[in-house]
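Each chain, written out:
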Amino acid sequence: MTVIEARALRKEFVVRVKAGVLRRESRVIAAVDGIDLTVSRGDMLGYIGPNGAGKSTTLKMLTGVLYPSSGVVRVCGFEPVPQRQALARRIGVVFGHRSQLWWDLPLRDSFALLRHIYAVPAADHAARLSRCRKLLDLDPFLDTPVRQLSLGQRMRGELTAALLHGPEVLFLDEPTIGLDLVSKQAVRSFLAGIGDAGDTTLVLTTHDLADIERLCRRLVVIDRGRIVHDGSLDELHARYGSRRRVVVDLDAPLVTPLALPDVSVESIEADGRRITYALEGGRTTAGELVRRLAELASIRDISVLEPAIEDVVARLYADRDRHGAGA
Amino acid sequence: MASGGWCSRVDSRWLTAYGPLVRAQVRSQAQYRASFVIDVAGSVLFGVLDVVAVFVLFRVSKTLAGFTFADVFLMTALANCAFAIADLLVGNVERLRVYVRSGLLDAVLVRPLGVLTQLAVMDVAARRVGRVVVAVGVLIVAAVNAGLALTAARLVLLVVAPAAGAVIFSAVFVGTASVAFWWIESGELGNALTYGGHDFTAYPMPIYGTVFRRLLAYGLGFAFVAYYPALALLDRRDPLGAPAGLGYASPLVAALVAAAAGLCWRRGVRHYRSTGS
Ligand SMILES: Nc1ncnc2c1ncn2[C@@H]1O[C@H](COP(=O)(O)OP(=O)(O)OP(=O)(O)O)[C@@H](O)[C@H]1O
Ligand SMILES: [Mg+2]
């Protein structure tokens, strides 16, 4: 079942730029420049892209904050801005850089308020809250005014606040921004739990690719307002030629170099006793490589390095700089 | 939202949410107790000063454009009461520009309540309640002082007029606030119309120049806040020649002004552009 549908979605901003001492010029920038996106129930979608790519702008259009300049968008069957209130009861939203809690109230009171605002039956509310309290370890700061919470504590509060009405879709704009490793882990495994339950759709933007690896089955990469990749992480690796690497430690340097299809030598260290091979394409498997190598030399140690998503994305963004200049 | 415009649809959910929201707000503010007390005292003083101004005026002259002290006192009291109620209900929308400029409105827009409702409640100032209480008291004193010949119709008007006036002021609050959706640097422009409008409505219309009067009294409906209802209550003819019962039309005018403001508001919300970060 489709929960999010966007067709040729576009958002322009008019910005004024200085063009002299007093003169200002208006310029139109397309923050989101024709996006097509279909998201099904239960999807866990990672929405990534460099700074200014249009991620937040897209999320704002999907949640009813911004009215699109053109294009069609439906979330849970609603048109976000005209049917904003109806949509709001079906979705949960967390903006990492902006609090939605009541600044002067303790979390406990904020949560109680949200129950009234969303008209959640008391039993449902209590069940969801106690689950969040357990999983996110909220109890130590439940009675502290929000303004006194640390970023990590507040973010746990925000997540809880977004979930108390049992949303069908959860939109998260950089939910791990600024958190330390422990808090990041807590947030990630909490979200993973929600995703695994299978009935909540998750749309997440982040610059921390570990979030993506841990949480997202599907990856949409956006750049300058356009989608440049939509598929699984593996597909992204395949497309941008990410390579698995096999690192072997040998007792003695190779006498004759190994020649296999789709295998290249990436580096040779320790006087030839450590060789890093890169596997590209599929004609040679890691197992085959090791077997052939064992015929030529005695192997002391082997490790296989999975491709790092950072590398792929770095390559993707670098591509853009090369091709993008004129675009 | 779809059907509500700025006068949010009053359904049960709205009511159940409103009470707890207001209570939470009062609790938040009570944390800053000193400023809370000063706020209440200040607002009561503010309400009283308006009346004092009329007293001072009539020490200088016996009549104002043909109206006696009692007449003008009634107009001032009506205007004051209408303004106090409007200020209590939607005075906060003036802060919209802060929300628009900072992008805080994002958080408001993702909640299932009207934007205006949330803004109104977000900083509901208990001090404004004090002002309404004072204003109602003053209105009663003014009505007694004027020795109104109270028919049933006039009695109804005495209650309806401040309410209609409150709607007119609320509309002005909302309309001027929504300018911020297009023009973030609108600054104090809104206050000129709202607080300025309050002073304008407190006196008989004939004292104003033609252009000014046409614009504010008829264009924005300000003459219907206190002037025409007061004439109807006092059973006096308008020196400017308007029909006698015009004061009874103030709810109609209020509805028109409110509709216009609602339209501005809804267009404004669509125009909201958030912030880049
Ligand atoms: N309210 C606004 N007014 C003017 N321009 C805006 C506004 N919001 C966003 N933009 C512009 O639109 C583009 C996309 O911004 P957006 O915030 O969607 O990027 P993003 O992908 O979320 O970036 P980041 O990773 O830095 O959060 C940027 O060029 C930004 O300057
Ligand atoms: Mg962003």
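Refer to the structure above for everything that follows.
Residues numbered from 1 in each chain as written. Chains lettered and ligands numbered in written order. Predicted model: local features only at pLDDT ≥ 70, side-chain atom pairs only at ≥ 80, totals over all residues. Heavy atoms only, no water.

Asker: For the site of ligand 1, give the residues involved together with the corresponding values.
Answerer: Taken together, 18 residues sit near ligand 1, with A:Gly52, A:Lys55, A:Ser56, A:Thr57 and A:His207 positioned nearest. Mapping the residues near ligand 1 onto chains gives chains A and B. Note that an oxygen atom of ligand 1 is positioned 2.8 Å from one of the side-chain N or O atoms of A:Asn51. One of the backbone N or O atoms of B:Ser274 is found 3.1 Å from a nitrogen atom in ligand 1. In isolation ligand 1 offers 630 Å² of accessible surface; the protein chains occlude 79% of this area. Elements represented by at least two residues in the shell around ligand 1 include exactly strand E1 (2–18), strand E2 (24–40) and helix H1 (55–62) of chain A. By residue number, the principal contributor to the shell around ligand 1 is H1(A), which donates three residues. Class assignment for the residues of the shell around ligand 1 results in six nonpolar, nine polar and three charged. (Near = heavy atom within 4 Å. Polar contact = N/O pair within 3.5 Å; in protein donor to acceptor, adjacent residues only side chain to side chain. Areas by Shrake-Rupley, 256 points an atom, 1.4 Å probe, with all protein chains shown as cover. Helix = DSSP H or I, 4+ residues; strand = E, 2+ residues; numbered from the N terminus. Nonpolar A, V, L, I, M, F, W, Y, C, P; charged D, E, K, R; others polar.)

Asker: Quick rundown of the environment of B:Leu89? Include the residues and the values.
Answerer: Residues and elements named next belong to chain B. Along the chain, Leu89 turns up in helix H3 (residues 69–90). Residue classification places Leu89 among the partly exposed positions, given a relative accessible area of 41%. With 71 residues separating them in the primary sequence, Leu89 and Val160 have C-alpha atoms 17 Å apart. (Buried < 20%, exposed > 50% of the residue type's maximum accessible area, 1.4 Å probe, protein only.)

Asker: Residue-level account of the packing of aromatic side chains, with values.
Answerer: Tallying each qualifying case throughout the model produces 16 aromatic pairs over all chains. Taking the centre distance of 5.0 Å and the plane angle of 40 degrees together, the rings of B:Phe55 and B:Phe69 count as tilted. Of the two residues, B:Phe55 sits in helix H2 (residues 33–60) while B:Phe69 sits in helix H3, which places them 14 residues apart along the sequence. Assessed through its relative accessible area of 22%, B:Phe69 is described here as partly exposed. Ring geometry for B:Phe200 versus B:Phe212: centroids 5.6 Å apart, planes at 80 degrees, classification edge-to-face. Remark: B:Phe212 occurs in helix H10 (residues 210–219) and B:Phe200 occurs in helix H9 (residues 189–201); sequence separation between them is twelve residues. The buried category is assigned to B:Phe200, whose relative accessible area is 4%. Of the aromatic side chains, those joined through ring pairs into one cluster are B:Phe83, B:Phe169, B:Phe173, B:Tyr195, B:Phe200, B:Tyr208, B:Phe212 and B:Phe222. The positively charged end of B:Arg111 is found above the aromatic ring belonging to A:Trp102, 4.5 Å away from the centroid. (Phe/Tyr/Trp six-rings, centres within 6.5 Å; stacked < 30°, edge-to-face > 60°. Lys NZ or Arg CZ within 6 Å of the ring centre and 35° of its normal.)

Asker: An account of the pattern of salt bridges is needed here, citing residue identities and associated values.
Answerer: Pairs may arise between side chains of opposite charge once their charged atoms sit close together. Residue and element names in this part refer to chain A. Evaluation of the coordinates by the stated rule reveals 28 salt bridges over all chains. A salt bridge links Asp211 to Arg188; its shortest N-O distance comes to 2.5 Å. Separated by 23 residues along the polypeptide, Asp211 in helix H7 (residues 209–215) and Arg188 in helix H6 (residues 181–197) bring together distant segments of the chain. Here Asp211 matches Arg188 in class, with each residue buried. (Salt bridge = Lys/Arg side-chain N within 4 Å of Asp/Glu carboxyl O.)

Asker: Any details on the interface of chain B and chain A? Residues and values, ideally.
Answerer: Each partner contributes residues to the interface: chain B has 32 residues there, and chain A has 33 residues. Summing both partners gives a buried area of about 3000 Å² for chain B against chain A, and 54% of it is carried by carbon and sulfur. Run the count over chain B and chain A and you get two salt bridges. As a salt-bridge pair, B:Asp106 and A:Arg98 come within 3.0 Å of each other at their nearest N and O atoms. Remark: the boundary between chain B and chain A carries twelve residue pairs in polar contact (both at pLDDT 80 or more). For the side of chain B that touches chain A, the element with the highest residue contribution is helix H1 (residues 12–30) of chain B, accounting for nine residues. For the side of chain B that touches chain A, a count of residues per class yields 16 nonpolar, ten polar and six charged. (Contact = heavy atoms within 4.5 Å. Buried area = accessible area lost by both parts, 1.4 Å probe.)

Asker: With reference to specific residues and values, describe the sheet that holds strand E11 (residues 263–269) of chain A.
Answerer: Strand pairing in a sheet relies on backbone hydrogen bonds. The paired strands run either parallel or antiparallel. All names here are of chain A. The sheet built from four strands is open, its strands ordered E11-E12-E10-E13 with antiparallel pairing. Every other strand in the sheet has two partners, leaving E11 and strand E13 (299–305) as the edge strands with one partner each. On average, each strand axis in the sheet is tilted by 20 degrees relative to the strand beside it, whichever way the strands run. The pairing of E11 with strand E12 (residues 274–279) spans six bridges and is classified as antiparallel. What sits directly across from Val265, in E12, is Tyr277. Relative to the sheet, helix H9 (residues 286–296) contacts strand E10 (244–250), E11, E12 and E13, its axis offset from that of E10 by approximately 20 degrees. (Pairing = 2+ DSSP bridges. Axes fitted to C-alpha atoms, helices over the stretch in contact; angles between N-to-C directions.)

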